[in-house]
Amino acid sequence: MTAIWTMDGAAVLAELKSRAAGLTAGEAAARLAASGPNTIDQHEETSWPALLARQFLSPLGLILIFGAVISLALGDWLDAAIILAILAGSGVLSFAQEFRASKAVAALRAQLALRVTVRRGGKEVVLPVEQLVPSDVVMLSAGNLVPADGVVLEARDCQVTESALTGESMPVEKAPGALPEDTPLAQRTNMLFMGSSLRSGTATMLITETGKATAFGAIARQLRKAQPETDFGRGIRHFGMMLLKVMIVIVLAVLAVNQLLGRPLVDSLLFSVALAVGLSPEMLPAIISVTLAAGARHLAAGGVIVRRLDAIENLGSMDVLCTDKTGTLTEGVVKLDAALGCDGKPSAEVDRAAFLNAALETGIANPLDEAITAAGAERKFTVGDARKVDEIPYDFVRRRLTIVAVEPGAEGNRMITKGAFAEVLAICTSLRKGGKDVPLNSKARAALEDMVREKGTAGFRALAVAERRVPSQAKFRREDETGMTFLGLLLFLDPPKADAAEVLKGLHAKGISLKVITGDNRYVAAHVAGTVGLPTKQVLTGSDIQKMTAEALRHRASRVAVFAEIDPQQKERIIRALQQGGHAVGYMGDGINDAPALHLADVGISVDTAVDVARESADIVLLKKNLAVLLQGVVDGRRTFANTLKYIHIAVSSNFGNMVSMAIATPLLPFLPLLPKQILLNNFMSDLPSVAISSDRVDPEHIATPQRWDVRNVRRFMIGFGLLSSIFDMISFALLLFVFHAKAVEFHTAWFEISLLTEFAALFTLRTSRFALTSCPSPLLLASAAVIAVVALLLPYVPLAQDALGLAPLRPALLLSSAVITVAYFAAIELTKQAMHRASRRRGGRGQSRPNQR
């Protein structure tokens, strides 16, 4: 087949058996069946059989299977059946929770599925990008992500960012036409590629490749890059590795000691297998998945969609939020308030010129142009017979947009430019005053700057308008924007939200400082910020930042609340400076120029109405651009993080304590402390209530300030409470052996009960930093623990359990002693907890290390 980029549009349409009107529905369905969905499996969903198999093929599952195989080989059918029953129960429970969680996350992602405008059967329809097929004709505009590879059929001022594919940061202009066959991919200016995005203009493309067959799909297959690990994910991994190393050492030591004591090898091996399982937090992956998914569902109900579950942790740890002012601090409904001439009086000429510029431009859609055209429509303005000749699209360096139009009866073409005041003033050499063009001298410049400052201080955003007559020609370039005549100013008003000040107080109360980063001039930015209660004594501008070193910016960024006249690259510098200052930074944006900053921030936040490239760069998507919604999302994020950390603290302390107790007891007792099947059942029963932790209540102090993963704190929990648990285990052993002179069966039964009850005591004590009896757990957590405790106490009295599990009824005095030990342990763990929290507060509270940037 001839290389696609060597053909013109008509030849490509013929080659791919398509047409300008697009495919019919039937043709598209047939090609979709042949080519498959247009996806590169970025969020490939695990099938339920694979998810189920994963529960049993985990290291812990394989250990249990190994134990069952040994029991079967020795003819111990009962032990094998018990092990397999516990394996099945644990596996099915984890599967059910993870499957539900994965479905919930998939449903949330579906709400944010990218959609694109396609021609089908001569009509324009909007479809999910997954349904695109080769030979589809697709319409794109500024801000859109390119959904597949294809040839440009039509283009207008189409500037495309291809850095994800070629590494080139500067936009590339795309246009239809044929190129030589040896043209490298980065220079194929007549093609659009998946993974790129339109910076400006419009384009119509014919899709040639979809999904994995695209150039981007090929790169993704080769790299298969996982998302960068978050601080929370790294903490979980380090915690798991730490526990695994300790477990291996102690289990091997216990096995060796049993052999030295002459105990049967098989019993010792089964005991070690059970010990390994009993000491491992095997529910941790399921608990994390369920807790994060439950948090994501709760956030979604409040209008916050989570695209990456790991981002919930970073949302909770965020202590600085950077955002533009439009739509967050202000109403987001921009209105054109006035069009003023250079004398400061209303000017119909400026009004009309601005309308022509806004009505004829086809680049980036924005609220300012919408406000201009809406105001023009109210004044009955129309384009009339004016015809656009060319457009020099807006970019974030020039910060202006130019239209070249031809008007009937006028000589040559009329070039109209509007944009940021300073950037438009820089290309002007004259100004219009009293209907005449006069030189733009330093006095006139100063007068215009004073007018902009005065209007900005009053809260008006100002755009400048300029024009000049140019010769008739087909194409114009940025270099043609020179020698223009300054016409006047457009004043826009976007009033602050009524509740903005109250929401900012709410953010501050939660330990989050707000920083405004805007391209608007310093006067408007300071006015809006001051109105809602932000400090405006210091305002850093783009020109100030340009002169600063990275170190200087790091020192200033934390102290300044308003950054004005900022370009996109400077947004990244500000975020990086804040991160280097030890802050967890959230960035909220919805424009094309926000994508790099969204990716760099610890948590990128966008809105569902944002341009594709911004929404896809974000971790969190708001269904409404409202700080109040985000504030609730922060609270929910902290609640989710707190519940996840509860299980980790409880599991690590209990498991470490059991490890130490087993290691001490094994050489001292004339029999095994617990039978392997009793260890497995005890572990399974103690883990069942943990599933309900995701629904647990969280004390207000845990959501009042940003939370961070602190592995040192986890280690302190493990050692402090683990050793406390072992002390009470030793007390229990002494009581059973020297007071009650318990034989093996009675010893096993009593410690089975004491171990389970004390784990529940730890559960209800360590779930809160308050005094346990003053912090009410969720009904589900309380009920599940109560039911399991009752079942455990009744088991020794069930004949079947007596025979199968080796349990026996306990003497009343022993039952009472078990209850006393449990209550004493509850009191001891409560006192230890309060002492540890006091020591933690003296050390400065939670760890101050910033979460990893993505």
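Only a predicted model underlies this, so the values are computations on that prediction, with no experimental measurement involved. (Residues numbered from 1 in each chain as written. Predicted model: local features only at pLDDT ≥ 70, side-chain atom pairs only at ≥ 80, totals over all residues. Heavy atoms only, no water.)

### Quick look at the overall build of the chain
Note the threshold: By the criteria applied, helices consist of DSSP H or I runs no shorter than four residues and strands consist of E runs no shorter than two, each listed in order from the N terminus. Only protein chains enter the accessibility calculation, which uses a 1.4 Å probe. A residue is then buried if its area is under 20% of the maximum for its type, exposed if over 50%, and partly exposed in between. Every residue pair with non-hydrogen atoms within 4.5 Å of one another is taken to be in contact. Only the protein chains shown count as covering a residue, and every accessible area follows the Shrake-Rupley method with a 1.4 Å probe.
The secondary structure content of the chain amounts to 30 helices and 23 strands. Per-residue burial for the chain yields a buried fraction of 55% across its 854 residues. Here the contacts in the chain between residues at least 6 apart in sequence split such that 74% fall between residues at least 24 apart. For the chain, the computed accessible surface area is about 35500 Å², with 61% contributed by carbon and sulfur atoms.

### Describing the packing of aromatic side chains
Condition: Only Phe, Tyr and Trp rings are paired, with Trp represented by its six-membered ring, and only when their centres lie within 6.5 Å; those with planes under 30 degrees apart are stacked, over 60 edge-to-face, the remainder tilted. Here, a charge over a ring is recorded when the distance from Lys NZ or Arg CZ to the ring centre is within 6 Å and its angle to the ring normal is within 35 degrees.
In the structure shown here, the tally under the stated rule is seven aromatic pairs. Their ring planes at 85 degrees and their centres at 6.0 Å tell us that F421 and F486 sit as a pair that is edge-to-face. One end of the pair, F421, is in helix 14 (residues 421-425); the other, F486, is in strand 17 (residues 484-493), and 65 residues separate them in sequence. Residues F421 and F486 agree in their burial class; the two are buried. By way of ring pairs, the aromatic residues F671, F733, F747 and W751 are connected into one cluster. Of note, R188 hangs over the ring of W5, and the distance from its end group to the ring centre comes to 3.5 Å. The ring of F381 carries R352 above its face, with NZ or CZ at 5.9 Å from the centroid.

### Observations regarding a nonpolar patch on the surface
Here is the rule: Patch members must show over 30% relative accessible area and no salt bridge, and they are joined within 9 Å when carrying like charges or within 5 Å when they are nonpolar side chains of Val, Leu, Ile, Met, Phe, Trp or Tyr. We count a salt bridge whenever a side-chain nitrogen from Lys or Arg sits within 4 Å of a carboxyl oxygen from Asp or Glu.
Taken together, the side chains of L72, W77 and L84 present a nonpolar region at the surface, about 320 Å² in accessible area. Counting through the fold element by element, W77 comes out in helix 5 (residues 77-111). A residue is classified by how much of its surface remains accessible, and W77, at 61% relative accessible area, is exposed.

### Here we look at the sheet that holds strand 8 (residues 304-306)
Within a sheet, each strand pairs with its neighbour through backbone hydrogen bonds, oriented either parallel or antiparallel. Under the convention used in this document: Note on pairing: DSSP must find at least two bridges between two strands before they are called paired. For helices, the axis comes from a line fit to the C-alpha atoms of the stretch in contact; other axes are also lines fit to C-alpha atoms, and the angle between any two N-to-C directions lies between 0 and 180 degrees.
Overall, mixed pairing links the eight strands, which are arranged 8-23-22-21-9-18-20-19 in an open sheet. Only two strands of the sheet have a single partner each, and these edge strands are strand 8 and strand 19 (539-541). Averaged over all adjacent pairs, the angle separating strand axes in this sheet is 20 degrees, with direction ignored. As paired elements, strand 8 and strand 23 (residues 620-622) share three bridges and run antiparallel to each other. Paired with I305 across the two strands is V621, which belongs to strand 23.

### Focus on helix 17 (residues 522-531)
For clarity, the threshold we go by: Directions drawn from the helix axis to the C-beta atoms are what define this arc. We define a polar contact as two N or O atoms separated by no more than 3.5 Å, with the added condition that, inside protein, one atom must be a possible hydrogen donor and the other a possible acceptor, whereas residues neighbouring each other in sequence contribute only through side-chain atom pairs.
Taken as a whole, helix 17 has its buried residues at V524, A525, V528 and A529. For helix 17, the buried positions fall inside an angular range of 125 degrees around the axis, keeping them on one side. Looking at the packing, one finds that the buried side of helix 17 touches helix 15 (442-457), strand 16 (461-470) and strand 20 (562-564). Measuring from the backbone nitrogen of Y523 back to the side-chain oxygen at the start of helix 17 gives 2.9 Å, which picks out N521 as the cap. Downstream of helix 17 by a residue or two, G533 has a phi angle that is positive, lying close to 100 degrees.

### Focus on the packing of helix 24 (residues 676-687) against helix 27 (residues 744-766)
Rules: In these notes the angle categories are as follows: under 35 degrees is roughly parallel, over 145 is roughly antiparallel, 65 to 115 is roughly perpendicular, and the rest is oblique. Two helices that cross are described as forming a left-handed crossing if the nearer one is turned anticlockwise from the farther one by less than a right angle, and a right-handed crossing if clockwise. Each residue is assigned to one class: nonpolar for Ala, Val, Leu, Ile, Met, Phe, Trp, Tyr, Cys and Pro, charged for Asp, Glu, Lys and Arg, and polar for all the others, Gly among them.
For the pair helix 24 and helix 27, the least separation of the axes is 10 Å and the interaxial angle reads 20 degrees. Here helix 27 runs roughly parallel to helix 24, going by the angle between their axes. Seen along the crossing, helix 24 lies across helix 27 with a hand that is right-handed. Here Q678, L681, N682, M685 and S686 of helix 24 lie close against helix 27, whose contacting residues are H748, F752, S755, L756, E759 and F760. Split by residue class, the contact of helix 24 with helix 27 holds five nonpolar, five polar and one charged.

### Considering the side chain of S196
With respect to the element layout, S196 can be found in the loop between strand 6 (191-192) and strand 7 (197-209). Of note is the side chain of S196, whose polar atom sits 2.5 Å from the backbone oxygen of F193. What S196 contacts, discounting residues up to four positions off in sequence, is N144, L145, V146, V160, T161 and E162.

### Brief notes about the nonpolar core
Here is the rule we go by: Here, the term nonpolar core denotes a set of buried Ala, Val, Leu, Ile, Met, Phe, Trp, Tyr and Cys residues that are joined through side-chain atoms within 4.5 Å.
The biggest cluster of nonpolar side chains holds 62 residues, and the ones touching the most others in it are L321, L329, F563, I605, I620, L622 and L627. For F563, the contacting residues outside a window of four places in its chain are K515, V516, I517, T518, L540, I545, A557 and I574. One finds V254, F733, F740 and F752 within the second-largest nonpolar core, a separate group that totals 55 residues.

### Re the packing of helix 27 against helix 30 (residues 812-842)
At a minimum axis separation of 9 Å, helix 27 and helix 30 run at an interaxial angle of 30 degrees. As summarised for this structure, helix 27 and helix 30 are arranged roughly parallel, according to the angle between their axes. Seen along the crossing, helix 27 lies across helix 30 with a hand that is right-handed. Residues E746, A750, I754, L757, T758, A761, A762, T765 and L766 of helix 27 form the contact with helix 30, whose participating residues are L814, S818, I821, T822, Y825, F826, I829, E830 and K833. Of the residues belonging to the contact of helix 27 with helix 30, the class tally is eleven nonpolar, four polar and three charged.

### Quick word on the pairing of strand 12 (residues 400-406)
Judged by how many residues are buried, strand 12 sits mostly within the fold: six of seven residues are covered. In this structure, strand 11 (residues 387-392) lies alongside strand 12, joined through five bridges in antiparallel fashion. Bridge assignment links K388 to a residue of strand 12, and that residue is A405. Of the pairings in the sheet, the one linking strand 12 to strand 13 (residues 413-420) comprises six bridges and is antiparallel in character. Residue pairing across strands places V404 opposite M415, the latter belonging to strand 13. Connecting strand 12 to the next strand, strand 13, in antiparallel fashion are six residues, including G409 with a positive phi near 85 degrees.

### Description of the confidence of the model for the chain
Defined as follows: Think of pLDDT as the predictor's per-residue confidence, scored from 0 to 100.
Residues with a pLDDT of 70 or more make up 87% of the chain, whose mean pLDDT is 83. Here residues 222-226 is modelled with pLDDT under 50, and outside its nearest four sequence neighbours on either side it reaches two contacts, counting other chains as well. Across residues 845-854, confidence stays below pLDDT 50; counting only partners more than four residues off in sequence or on other chains, it has 46 contacts.

### Regarding the environment of R379
Residue position: R379 is located in the loop between helix 13 (367-378) and strand 11. In the structure, R379 is positioned 27 residues away from R352 in sequence and 9.9 Å away in space, judged by C-alpha atoms.

### A word on helix 12 (residues 348-360)
So the rule is basically this: Multiplying one less than the number of residues by 1.5 Å gives the expected span of a helix.
Here helix 12 spans 18 Å end to end across 13 residues, near enough to the 18 Å set by a 1.5 Å rise per residue. What helix 12 keeps buried is the set V350, D351, A353, A354, F355, L356, N357, A358 and L360. Two to three positions downstream of the cap, the backbone nitrogen of E349 sits 3.4 Å from a side-chain oxygen, assigning the N-cap of helix 12 to S347.

### Section: the pattern of salt bridges
Any two side chains of opposite charge can pair, so long as their charged atoms come close to each other. In total, this model carries 28 salt bridges according to the counting rule given. Between K388 and E391 there is a salt bridge whose closest N-O contact spans 2.6 Å. Each member of the pair K388 and E391 is classed as buried. Ionic pairing is found between R767 and D696, a salt bridge with its closest N-O pair at 2.7 Å. Of this pair, R767 sits in the loop between helix 27 and helix 28 (779-794) while D696 sits in the loop between helix 24 and helix 25 (700-703), and the two are 71 residues apart along the sequence.

### Quick look at the side chain of K418
Relative to the helices and strands, K418 is located in strand 13. Judged by relative accessible area, which is 6%, K418 ranks as buried. A polar side-chain atom of K418 sits 2.5 Å from a polar atom in the side chain of N357.

### Thoughts on unusual backbone geometry
Even without being a glycine, S135 presents a positive backbone phi close to 90 degrees. The exposure class assigned to S135 is buried, which follows from its relative accessible area of 2%.

### Describing the state of the cysteines
What counts here: Two cysteine sulfur atoms form a disulfide, by the criterion used here, when they sit within 2.5 Å.
Considering all chains together, one arrives at zero disulfides under this definition. A disulfide-free cysteine, C428 has its sulfur positioned 8.6 Å from the sulfur of C342, the nearest such atom.

### Observations concerning the environment of A444
Relative to the assigned elements, A444 resides in helix 15. Of the residues examined, A444 reaches a relative accessible area of 16% and is grouped as buried.

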